[in-house]
Each structure stands twice: as structure tokens, then as C-alpha cells.
There are 2 protein chains.
Amino acid sequence: MGCGSAKPTLRHSPSAQVVNFRGNQFLVDCGEGVQVGLCRSKVPFGKIGHILLSHLHGDHCLGLVGLISTLGLGQRTGEVVIHGPADTERIFRPLFDYFCPQLSMEVRFAPFDTTRSEVIYDEPTLTIRTVPLHHRVPCSGFLFEEKPRPRHLLVDRCRELEIPVAYYKGITLGLDWTDPESGKVVPNELLTSPGSPSKKYAYCSDTLYAESIVPLIEGADLLYHEATYTHADVVKARQRGHSTALQAAQIAKMAHVGQLVLGHYSAQFLSAEMEQPLLDEARTVFPNTLLANERMVIDV
Amino acid sequence: MGCGSAKPTLRHSPSAQVVNFRGNQFLVDCGEGVQVGLCRSKVPFGKIGHILLSHLHGDHCLGLVGLISTLGLGQRTGEVVIHGPADTERIFRPLFDYFCPQLSMEVRFAPFDTTRSEVIYDEPTLTIRTVPLHHRVPCSGFLFEEKPRPRHLLVDRCRELEIPVAYYKGITLGLDWTDPESGKVVPNELLTSPGSPSKKYAYCSDTLYAESIVPLIEGADLLYHEATYTHADVVKARQRGHSTALQAAQIAKMAHVGQLVLGHYSAQFLSAEMEQPLLDEARTVFPNTLLANERMVIDV
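Worth saying up front: this structure is predicted, and the values here are computed from it rather than measured.

Counting secondary structure elements, chain A contains 10 helices and 16 strands. The dimensions of chain A, computed from C-alpha atoms along their principal axes, are 75 × 55 × 35 Å. Relative to its full complement of 300 residues, chain A shows a buried share of 42%. For chain A, long-range pairs separated by at least 24 residues make up 63% of all intrachain contacts whose partners lie at least 6 apart in sequence.

Written as C-alpha cells, this is what we have:
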């Protein structure tokens, strides 16, 4: 919903994305105007349970007070968890207290340490880990990792062996089958085939070119990596803690990701034509690259 | 640039207007997304010298940190003055210190007392006064009042009397003419005709229906008055500290303003058709009424 950088333009909003995992919405960064982006993308506000802030630069978090205020105006109950660097609660709690003192739900802050990779969310089907980035302030990306999927049941084989249906669920989760009469054990791999590969999405914005992130995002199906500048501005990128499109592609290639999406464009790119060189230079290194836009939806 | 209310919609942005007075830009309220509005309306950011916040509800001020941050990224020097209720500096100074510690210009806070009408800006051609409003938190509107314009010189009369051209400027400012030879005094009203009427613009958002504002905005050429609801919702309006379109029109009529512009629409109005009743009911009382929109420009 936002793939611009700090300076506003009419083409791009500041950073904000929604990761929808089986109906749960995770908001990743929360730039000013995020509510308009949510409306435009028809994301139901009420389904956002977790908000992940990569860092506390305004273009990644200044939409937070308005969003929390709107969530708390509605019928929203339960809890919203805000994951962010250490300062997040110190900065935002007083603003929530002032601008939205009567929220209909709880807001909990879950700080993370940006100097190391941490698991910040863990449930039976999904893990979210931080990916330490290298920017001008403490900053982490996020890796969404689906847990291994259940194995596929070989139904014909199970029928042949007259295994009762009640055992099928356990077998897809990896159990062997022991015939209660003969005591004979049929190993799981004869009853199932491997489950569909589980998916990984990595979000890396904002960062210097940093090979240290490669092992953390290895094999991700999709990588969003900032590409504030083209490689012609590599010196400026380094000075400001940003990457070039070419560097993003190098990271994607080294990490063997499936697809790369570029974003966090400098405001100097005033048109689609001016953004095209970002894509062109990235594709010289990593062909399966796309340019993000505000209405992009990618099914991983 | 914004005439919606707190809940975001795809039709309207939260409150923000620019008053352009002879090239000086005054930003009136500063809702989230104000920078996009400024870009869309082609208002040069660098010309904004004064920001006036009517009150500290999020939909009137949450665009401030991003805007100040952008102003301070640019070549902007000198001073930006933020006029607002007492809490403004306490809330925003820490945010500027955190999110934009290295601004290229000074930011000065100029608090006003929302319980009385105060002059908050005064220069040779323009005065800005606050207009105490009645809302759920301390809140003031603003009255922009052009100072009396110079009288028109009756050039033919001056020539007849052989008045040297060097005296013309003083005469337009109201001086009499004394003939240095005869000592005879020609009163100013024989040498000039009255200047063009000076203009007044009144901004009143958000407020209960309050007749106390009528004498303060008497005779304004243009009045922006909030009209969050139609009169069918007058009870809800009163409970939430807002006005109906009919009430806005009553204020306009009692204050003998030239034109009324309605705004601050509730998010319940999802289309132009749904907003039409606001206009219709206001016009039953005050025919010269318009509905604000995000790209509206009015030449007072």
C-alpha cells in the first residue's frame, strides 16, 4: 500500500504492506496515509491483529496514531500487538493516551532487539522472525515463514491396508501405522508423500547493502528489498543507509529467493519511465524482479 | 485539501486548508496526508510560514510531524510558527526532536487561549484572530481579516491642485494636503474615494452550534463551517460536539456572511449523492452555500 520513501509524491505513499496469512492480517510498516491504502485495497481494518514496525523513521510509522485511533473507534475488541524497536512504546504510548484515550481494544507493545534475529511471532502454522538490517537507526526486516505443511495421504495405500479413517489425520502429521492385530509397523513414508513446500516471505526495508542478511532469508519465495536509488547513486545510497536496485538484486541472487520486489523509491523518480532503470539494472543480475506499486497484490 | 472527519474514506482527507494571502501561505489544520494534498494542489511547501491548528484531535494535526520533517529536509530556512492550543508544544516538540532532529529551519510554537478571541498574527495588511469554538477539547476557529485597503487617489483632482506626485502615496494612506504657499488645507476626502472593501475569511471547525461566534465572524466574505451531519442527526451532533448543515447555515445567516462552505463530513456519506442533503438543507436557510471538496479553490 506504500512503496515510496520519506519525501511525499503523488505517485507513492510511504511504506506499508499487509501480509495476509490464512485470513490473519499482519501490517508491515505503517506510513502516513496507511488508512487510505487499507480502504483502497479493501483490507478489513478489524482483522489487523499485529503491526510490525521495521524502524522509527516517520515514513514507516507516522500512520500509526491515526490507525489505532480508527481501530479503537470501531467495534474492535481484544488486542492489537505492535512489534517494533525498543523506543516504540516510549514514543507512541503517550500519543495513544492523548489522541485516543478511550480505545475499544488493548494495545500491547512487543519490543524486539534489532541487533539479532528474533522470533517475534510463533503459532502452529507460522513463524515471524526479525532480520537485522543496517540503517541510520535501529532497524529490522521481517521473515514470514510458514511451518512445514502436513504430508499428503496416499489414500489408496491406506485403504489397501484397511487403516481406519480415524487414523488418517495422525498419519498426515507424520505418524507411522501399527497394525493392532499383527503388530506390524508401516512407516509413515510408505503412507504419505511430502506436503507442499511451505512458503517464506522476507521484507527488507530500509538497509545498506548487507550480505549478513543472506543466510537469514535464504530460499525465500518472495523478497521485498528496498531500492531507493539506481547504482549510479551508490555513494549517496551508502551515505544515507540505503541500497541500490543492483544491490537488492545481488542479495536476491545470493539468497536464492524465488522472486524480488523492489520498492522504497526515492522521490526523484517522478514517473514510471524514470523508475524503469531500477528494474532494468536489477534484472541484469536477478531476472525475476518486479517493481512494487501501491495496489500490488502478490500471491506467494 | 481535506474536508472529511476522523474516520478515513476514499472520498475525503482529514482537515487541511491553505489560505494564500498575497503570496503568504497559511496552513489551517494539518490532518494526516496533508503533504499529498499540498502536492496535488501545487502549493509550494517552502512558502508555508504559519501553521494554525484549531485543536488537537488527530484528524486536525496528525500530518504535522511528516510535514515539518519534509520542510526541514529541504532548503527551508528561517522560522515556521505553529499556532495551537496550550498542549501543542508538549505533544509535538518531542516528536520533532525524535523524528526530525536536524531541521534546516526553526520551529516556534505560539500557543493561544481557546477561551477567548485573540489576535495571533498581525502585520500591516492582515490580522488573524482566533474564534473560540465549542468542541469536546479546547478548540478555536480562525478569522483572517485584511486590514483596510488604501483609499483610491482622485488623480485628476490632485493634478488640478498641482499636488506633487511625491505626496500621492501619503494621500492614499489618508493624509490631507496643505498647500505650502497658501497654507490652505484640502481634506483627504476631497482627494480620494474609499478603498476597496477589505476581505474576511472565517474558519470554524469543529464546533457545536454556538451563536457566540456570530459577532466574531460578522460580515465575513466567506465562512467555512463544519457540517458533520444533516439535521436528522442533530442529537448525535450535539453529543459529539459537532454541527449540522442546517445549523451551519443558521450561523452564516445570522452573521451576514457572503458565502458559506460546508465540510468536515461524517464518513457515513459515501458518495456525492449522499452528501447532497447537507447542501440542500443548508440552502433552505442560506442559499449561497457550497460543499467543500479536496481540490476546491475559492478566490475571496
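After that view of the structure, there is still more to cover.
To continue, consider the sheet that holds strand S16 (residues 289-291) of chain B. Residue and element names in this part refer to chain B. Taken in spatial order, the seven strands make up an open sheet running S6-S7-S8-S13-S14-S15-S16, and their pairing is mixed. If you trace the sheet from one side to the other, it starts and ends with strand S6 (119-123) and S16, each paired once. Ignoring which end each strand starts from, the neighbouring axes of this sheet average 15 degrees apart. Alignment of S6 against strand S7 (residues 126-132), held across four bridges, turns out to be antiparallel. Looking across to S7, one finds that Tyr121 is bridged to Ile128. In this fold helix H10 (residues 272-285) packs onto strand S15 (259-263) and S16, with an angle of close to 170 degrees to the strand it touches most, S16.

Right, let's talk about the confidence of the model for chain A for a bit. Per-residue pLDDT for chain A has a mean of 95; in total, 100% of the residues score no lower than 70. Taken together, the chains of this predicted complex give a pTM of 0.91 and an interface ipTM of 0.89.

Here we come to unusual backbone geometry. Residues and elements named next belong to chain A. For the bond running from Ser205 to Asp206, omega is 0 degrees, close enough to zero to count as cis. Relative to the helices and strands, Asp206 is located in the loop between strand S13 (200-204) and helix H7 (214-217). The phi angle at Glu162 is positive, at roughly 55 degrees, despite the residue not being glycine. The topology assignment puts Glu162 in the loop between helix H5 (155-160) and helix H6 (168-172). Positive phi outside glycine occurs at His264, with the angle close to 60 degrees. Tracing the chain through its elements places His264 in the loop between strand S15 (259-263) and helix H10 (272-285).

On the chain B side, the residues contacting the 21 residues of chain A number 21 residues. Of all the elements in the fold, those that place two or more residues in the side of chain A that touches chain B are helix H1 (34-40), helix H3 (64-73) and helix H4 (88-99) of chain A. Looking at which element gives the most residues to the side of chain A that touches chain B, the answer is H3(A), with five residues. Considered class by class, the residues forming the side of chain A that touches chain B number 10 nonpolar, eight polar and three charged.

The biggest cluster of nonpolar side chains holds 120 residues, and the ones touching the most others in it are A:Leu223, A:Leu260, A:Ala282, B:Leu223, B:Leu260 and B:Ala282. Those residues in contact with A:Leu260 that lie beyond four places of it in its chain are A:Leu223, A:His225, A:Ala248, A:Ala249, A:Ala252, A:Ala282, A:Phe286, A:Asn288 and A:Thr289.

As a further point, take the relation of the copies chain A and chain B. Note on the copies: chain A fits chain B at an RMSD of 0.1 Å, the axial shift is 0.1 Å, and the rotation between them is 180 degrees. Classification of the inter-copy transformation places it as that of a two-fold axis. The position closest to the rotation axis in chain A is occupied by the C-alpha of A:Gly33, lying 2.8 Å away. Both copies contact each other with a shared surface, as 100% of the interface residues of chain A are interface residues in chain B too.

Glancing now at the sheet that holds strand S2 (residues 24-30) of chain A. Picture the strands of a sheet paired through backbone hydrogen bonds; they go either parallel or antiparallel. All names here are of chain A. A sheet is described by the order of its strands in space; here five strands give the open sequence S1-S2-S3-S4-S5, paired in mixed fashion. Where the open sheet ends on each side, the last strands, each with one partner, are strand S1 (16-21) and strand S5 (106-111). For this sheet, the mean angle separating the axes of adjacent strands, direction not counted, is 20 degrees. In this sheet, strand S3 (residues 48-52) lies alongside S2 in parallel orientation, the contact comprising four bridges. Directly across from Val28, in S3, lies its bridge partner Leu52. Seen against the sheet, H4 touches strand S4 (79-84) and S5 and runs at an angle of roughly 165 degrees to S5.

The domain architecture assigned to chain A consists of domain 1 (16-149 + 196-291) and domain 2 (152-193). Taking only C-alpha atoms, the centre of domain 1 of chain A and the centre of domain 2 of chain A are 42 Å apart.

Rules used throughout
Every chain begins its residue count from 1, and numbering advances along the sequence as written. Lettering of chains starts at A and numbering of ligands starts at 1, both following the order in which they are written. In keeping with the model being predicted, local features are shown solely for residues with a pLDDT of at least 70 and side-chain atom pairs are shown and tallied solely at 80 or more, while totals for entire chains, interfaces and linings include all residues. What counts as a helix is a DSSP run of H or I of at least four residues, what counts as a strand is a run of E of at least two, and both are numbered from the N terminus. To sort residues by burial, count the other C-beta atoms lying within 10 Å of each one's C-beta; a count of 20 or more means buried, 12 or fewer means exposed, and anything in between means partly exposed. C-beta atoms are built from the backbone. Once C-beta atoms have been placed from the backbone, residue pairs whose C-beta atoms lie within 7 Å are recorded as contacts. Here, strands pair whenever DSSP counts at least two bridges between them. Only the stretch in contact is used when a helix axis is fitted, and all axes are lines through C-alpha atoms; the angle between N-to-C directions ranges over 0 to 180 degrees. Every residue is assigned a pLDDT by the predictor, reflecting its confidence on a scale from 0 to 100. Any residue outside Ala, Val, Leu, Ile, Met, Phe, Trp, Tyr, Cys, Pro, Asp, Glu, Lys and Arg is labelled polar, Gly included; the first ten of those are nonpolar and the last four are charged. In these notes, a nonpolar core means any group of buried Ala, Val, Leu, Ile, Met, Phe, Trp, Tyr and Cys residues linked to one another through C-beta atoms within 7 Å. In superposing the copies, a least-squares fit is computed on C-alpha atoms, taking residues whose pLDDT is at least 70 in both. Just so you know, the domain bounds were taken from an automatic or database domain assignment.

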